[in-house]
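# Notes for the structure review
For reference, the chains in residue letters:
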Amino acid sequence: MENSIAYRSPKNKRSSKWAGYFKRSWPLYVMLLPMIVYQLIFSYYPMLGVVVAFKDWRIMGGIWGSPWASTDGVIDLFKHFKLLFGDPVFLEKLGNTLRISGLRLLFGFPIPIIMTILLNEMSSKKVSKGFQIVSYLPHFISWVVIAGILTSLTSSQSAFQQFMKTLFGRELPFFTDDNFFIGVVIASDIWKEAGWSTIIYFAAITSIPKDLYEAADVDGASRFQKIKSITLPGMIPAISVTLILTASNLIYGGFDQVFNLYNDTVLGKGDIIETYLFRIGIQEGQYDVAAAMGLFNSTISLVLVLVANKLIKLIGGDSIW
């Protein structure tokens, strides 16, 4: 009696494999279903509203009833983008955003790394844990509260300003001078988020095998040599991912922070794209122009993520994909 072996294509094998996996794990997929529906409704469906950037918004027509953007009766889908790029005010706000984000990356990105290494090297773990907890707390304070504290702290005739007057011979214009205001933005952001950002780096350090440090001790390595050869290389994957994610936010200057801190006297360098978008979109009702600006921001953010990921991969770091 001849045994016949049925031929099954690789495609059929894969299909039967996935069918068997789904049959075994269907309760997990059922549990996942509500989250998928939630994401489709509240995350993906609203993305369709991006078409407003290519339309002349009419409040009675809404998103779908408004006509496509046109100039002198001729359809011009990129009308609002042309208006933005030809507007010197928008270009000024773009420059302000990049300046603040660049300074935040330059000064704010290394601080959590340095803090993590210093706290990890402390001989007393109880003291180290105490400093960690204290450094986490500012993250949970609202920018509204911080803005109120900073405004009161730097107001005229305050004790802090009197101390500044003793040091420099005058009160410092923290919220009335553009350059001082940028310094306040960068310093307050570091104070608020540096401690919280150390969490991912501490997680990276805990994954480093302890026998590496023991071997270094046997070889007579100094503390600095162990940081250079063991701790920092072990933190590289976390640093790479954090740098890629941070680079994607270069086009965002931090709306919550700037909106609560700025005033009319510092609009020259303190006004960013997001606060400008808020004024023309929400306060002036130019939803089509605001949508075009938002789409521009998202596109640039995507490009920055791709470029940063590629550069990290080229220099030998751990990229996201």
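See the structure shown above.
Predicted, not measured: the structure shown is a model, and the values here were computed from it.

Here we come to the layout of surface pockets. Leftover empty space is mapped by rolling, across the atoms, a probe with the size of a water molecule. Its volume calculated, the largest pocket comes out at about 620 Å³. Along the wall of the largest pocket there are 25 residues; nearest its centre are Arg104, Asp189, Ser197, Thr246 and Asn249. Here the residues of the lining of the largest pocket sort into 13 nonpolar, nine polar and three charged. Space inside the second largest pocket adds up to approximately 270 Å³. Contributing to the lining of the second largest pocket are 14 residues, with Leu150, Leu153, Thr154, Val184 and Ala187 lying nearest its centre. Counting only elements with at least two residues in the lining of the second largest pocket, the list comes to helix 7 (143-153) and helix 9 (178-206). Looking at which element gives the most residues to the lining of the second largest pocket, the answer is helix 9, with six residues.

Attention now moves to the environment of Met122. Turning to its location among the elements, Met122 is positioned in the loop between helix 5 (110-120) and helix 6 (125-136). In this structure Met122 comes out as partly exposed when scored by relative accessible area, which is 25%. Excluding its chain neighbours within four sequence positions, the residues that come into contact with Met122 are Val127, Ser128 and Phe131.

Following the criterion strictly, the structure yields 17 aromatic pairs and no others. Look at Tyr136 and Trp196: their rings are 6.2 Å apart centre to centre, the planes differ by 80°, and that puts the pair in the edge-to-face class. A residue pair is termed long-range when its members are at least 10 positions apart, and Tyr136 in helix 6 and Trp196 in helix 9 qualify at 60 residues. What makes Trp196 partly exposed here is its relative accessible area of 34%. Judged by centre distance (6.2 Å) and plane angle (40°), the ring pair of Phe259 and Tyr262 falls under tilted. The exposure class assigned to Phe259 is partly exposed, which follows from its relative accessible area of 33%. For Tyr262, a relative accessible area of 17% gives the class buried. Every member of this aromatic cluster is reached through a ring pair, and the members are Phe255, Phe259, Tyr262 and Phe278. When the ring centre of Trp68 is taken as reference, the NZ or CZ atom of Lys55 above it lies at 4.8 Å.

Calculation criteria
Residues numbered from 1 in each chain as written. Predicted model: local features only at pLDDT ≥ 70, side-chain atom pairs only at ≥ 80, totals over all residues. Heavy atoms only, no water. 1 Å grid on protein atoms, 1.4 Å probe; cavity = no way out; pocket = protein on both sides within 12 Å on 5 of 7 lines; lining within 4 Å. Points joined across faces, edges and corners; volume = space filled by probe spheres on them. Nonpolar A, V, L, I, M, F, W, Y, C, P; charged D, E, K, R; others polar. Helix = DSSP H or I, 4+ residues; strand = E, 2+ residues; numbered from the N terminus. Buried < 20%, exposed > 50% of the residue type's maximum accessible area, 1.4 Å probe, protein only. Contact = heavy atoms within 4.5 Å. Phe/Tyr/Trp six-rings, centres within 6.5 Å; stacked < 30°, edge-to-face > 60°. Lys NZ or Arg CZ within 6 Å of the ring centre and 35° of its normal.

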